[in-house]
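So you can see what is in the structure, the chains are spelled out below.
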Amino acid sequence: VQEPSCHPVRVGAIRVGGPGLVVMAGPCAVESAEQILGVARAVKAAGAHMLRGGAYKPRTSPDSFQGLGRPGLELLVLARHETGLPVVTEVMDPRDVALVAQYANVLQIGARNMYNYPLLREVGQAGLPVLLKRGMSATMEEWLLAAEYIRAGGTDTILLCERGVRGTPSMARNVLDLGTMVLAKRQSGYPVVADPSHAAGRRDLVIPLACAAVAAGADALLVEVHPDPDRALSDGQQSLSPEQFVALMGRVRQLCRLAEPVVEGGE
Ligand code: PEP
Ligand code: MN
């Protein structure tokens, strides 16, 4: 069955929601120059189209690593200069939107902030595409209404990201809700991104969930990759090593066509 098409979102030369799958990959958090440059080169070489990485991290515990803040944004720009990969990074506070927008190519709203309406309005005014994660227990209606807040701010370049919802206790962290992902795209016309990493919560489930999402019609994947996952400062248990990411890309290529690769020296 052919799903109806959506309004593609342009990020530089990349089109999310066009004919080819877009892959966004990188660490949960930016930790150091060595870490982010290393992982940016690795995911680019494996065929990723965008670099993900958080400088502001919404951690469940206030005692956990909260991100590098502005220096982290500067490191993301360094990695973009070197690889040409556009950057997707999270903004958590309405007061930081203007700052983060100076560095990012796509602004990420995290699952914990899907109901933060002042933040949604603010990112809608920033003039950049927004990747809106579904809240951990949000209904589809709540998710699409959150997107409406962003649109009311002035942006209609929105990517809806399914990252798993809370289910019954299981071995996985969350339940990747692909039915809702498909319906959300059908109803809204926004391209959809699947995040198998936060859905899985464990490395060995990331490739199977990524494949399922692609088969179901995801327009893009958002995948956590770390040069040394066991030493990651956040979400190491679900982060792929660069070698495992190469394996993921191989599996995904068997299922669909990828979007055109990012050209060298691009911005
Ligand atoms: C993340 O992308 O690292 C993140 C914090 O995701 P979520 O908001 O989906 O938990
Ligand atoms: Mn994470």
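See above for the structure.
Draft legend 1. Local environment of the overall build of the protein chain. When its secondary structure is counted, the protein chain shows nine helices and ten strands. For the C-alpha atoms alone, the extent of the protein chain along its principal axes is close to 45 × 40 × 40 Å. Scored against the burial criterion, the 267 residues of the protein chain give a buried share of 58%. Taking contacts inside the protein chain between residues at least 6 apart in sequence as the whole, the part at least 24 apart equals 70%. Counting only carbon and sulfur atoms, one obtains 52% of the accessible surface of the protein chain, whose full area is about 11,200 Å². Between the mean site of the 26 positive side-chain charges and the mean site of the 27 negative ones, the protein chain shows a separation of 3 Å.

Draft legend 2. Looking closely at the nonpolar core. Core analysis: the largest hydrophobic core is formed by 89 residues, its most contacted members being Met24, Leu132, Leu160, Leu221, Phe245 and Leu248. Dropping the residues within four chain positions of it, Leu160 is found in contact with Leu132, Trp143, Leu144, Ala147, Ala184, Ser188, Tyr190, Pro191, Val192 and Val193.

Draft legend 3. Molecular detail of the pairing of strand 6 (residues 106-109). Burial along strand 6 is two-sided: the residues Val106 and Gln108 and Leu107 and Ile109 are all buried. Relative to strand 6, strand 5 (residues 87-90) runs parallel, the two sharing three bridges. In the sheet register, Val88 faces strand 6, and the bridge partner there is Val106. In this structure, strand 6 lies alongside strand 7 (residues 130-133), joined through three bridges in parallel fashion. Residue pairing for strand 7: Ile109 is matched across the bridge by Leu132. Regarding topology, helix 4 (residues 117-124) serves as the crossover connection from strand 6 to the parallel strand 7, and that connection is right-handed.

Draft legend 4. Just the coordination of the manganese ion (ligand 2), in detail. Around the manganese ion (ligand 2), the protein supplies Cys28 (SG), His198 (NE2), Glu224 (OE) and Asp235 (OD) as donor atoms, at distances of 2.1 to 2.4 Å. The sequence pattern formed by the donor residues of the manganese ion (ligand 2) is C-x169-H-x25-E-x10-D. Of this pair, Cys28 sits in the loop between strand 3 (22-26) and helix 1 (33-46) while Asp235 sits in the loop between strand 10 (220-224) and helix 9 (242-255), and the two are 207 residues apart along the sequence. Judged by relative accessible area, which is 13%, Asp235 ranks as buried.

Rules used throughout
Residues numbered from 1 in each chain as written. Chains lettered and ligands numbered in written order. Predicted model: local features only at pLDDT ≥ 70, side-chain atom pairs only at ≥ 80, totals over all residues. Heavy atoms only, no water. Helix = DSSP H or I, 4+ residues; strand = E, 2+ residues; numbered from the N terminus. Buried < 20%, exposed > 50% of the residue type's maximum accessible area, 1.4 Å probe, protein only. Contact = heavy atoms within 4.5 Å. Areas by Shrake-Rupley, 256 points an atom, 1.4 Å probe, with all protein chains shown as cover. Lys, Arg positive; Asp, Glu negative; His and termini not counted. Charge placed at Lys NZ, Arg CZ, Asp CG, Glu CD. Core = buried A, V, L, I, M, F, W, Y, C linked by side-chain atoms within 4.5 Å. Pairing = 2+ DSSP bridges. Right-handed = clockwise from strand over helix to strand, strands pointing away. Donors = N, O, S within 2.8 Å, 3.2 Å for Na, K, Ca; no water.

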